[in-house]
Amino acid sequence: AQSVTQLGSHVSVSEGALVLLRCNYSSSVPPYLFWYVQYPNQGLQLLLKYTTGATLVKGINGFEAEFKKSETSFHLTKPSAHMSDAAEYFCALGGGYQKVTFGTGTKLQVIP
Amino acid sequence: SAVISQKPSRDICQRGTSLTIQCQVDSQVTMMFWYRQQPGQSLTLIATANQGSEATYESGFVIDKFPISRPNLTFSTLTVSNMSPEDSSIYLCSVEGTGTGEPQHFGDGTRLSIL
């Protein structure tokens, strides 16, 4: 069985501060990992993905995530938060024809 | 990536009624997925819909409550039947990634409120 754990259902940062959203996973096979963002009244938009290869992956809007197999983690970071980053972020495991398992989500609040 | 259109984008319905949600994709896809996102919750897979076969439902979801059609490779519908306030959720359609490990792509969802 596979699972995804997101630590912190709500995270608040000041504008310009570092954003760190945590994601840990459990998988019996090499994982495919994704971060999605959901803005209010919208669907899910893919931020970035890890399949194989480079463990530091860059996504849209300045976000990046590092795959650490030894820690079973895939944390999402952004060096400087912007007001427009306020949204809910979901870490997900799986993809393609596989069933996708989502984390419980982290709501990011950006304080001016 | 595929462009996915869902209709309606939102609706307010009376309890006991049914609503059919449509999902249209701009390219042919083998697998389509229907998710439910209850208020303040994550996404839960309802069923997987392959063209030409019966949908495969996840534990806790049944065909009588959530009948699904998949008449061709670009279209699917999800019906929420005999609705109650507990069915108030966002319902999202997604399509398969383009290969092994590729991400699914999502529509904007249907926001459903039951009075």
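Before any of the text, the structure's been laid out above.
In what follows, the accompanying structure is described. (Residues numbered from 1 in each chain as written. Chains lettered and ligands numbered in written order. Predicted model: local features only at pLDDT ≥ 70, side-chain atom pairs only at ≥ 80, totals over all residues. Heavy atoms only, no water.)

## Some words on the packing of aromatic side chains
All names here are of chain A.
Right, on to step 1. Throughout the structure, instances matching the rule amount to 12 aromatic pairs over all chains.
Right, on to step 2. Taken together, a centroid distance of 6.0 Å and an interplanar angle of 25° make the contact between Tyr25 and Phe67 stacked. Placement of Tyr25 in strand β3 (residues 19-26) and of Phe67 in strand β7 (residues 64-68) is noted, with a sequence separation of 42 residues between them.
Right, on to step 3. You can call Tyr25 buried: its relative accessible area is 9%.
Right, on to step 4. Pairing Phe34 with Tyr36 gives two aromatic rings, centres 6.4 Å apart and planes at 45°, and the pair type is tilted. (Phe/Tyr/Trp six-rings, centres within 6.5 Å; stacked < 30°, edge-to-face > 60°. Helix = DSSP H or I, 4+ residues; strand = E, 2+ residues; numbered from the N terminus. Buried < 20%, exposed > 50% of the residue type's maximum accessible area, 1.4 Å probe, protein only.)

## A short note on the sheet that holds strand β3 (residues 19-25) of chain B
Residue and element names in this part refer to chain B.
Right, on to step 1. Ordered by their spatial adjacency, 4 strands build an open sheet running β1-β3-β8-β7, and the pairing between neighbours is antiparallel. Of all the strands in the sheet, just β1 (4-7) and β7 (68-72) have a single pairing partner and so form its edges. Strand-to-strand, the axes of this sheet are offset by a mean angle of 15°, without reference to chain direction.
Right, on to step 2. Sheet analysis places β7 next to strand β8 (residues 75-80), joined by 3 bridges and oriented antiparallel. Looking at the pairing, Ile68 lines up with Leu78 of β8. (Pairing = 2+ DSSP bridges. Axes fitted to C-alpha atoms, helices over the stretch in contact; angles between N-to-C directions.)

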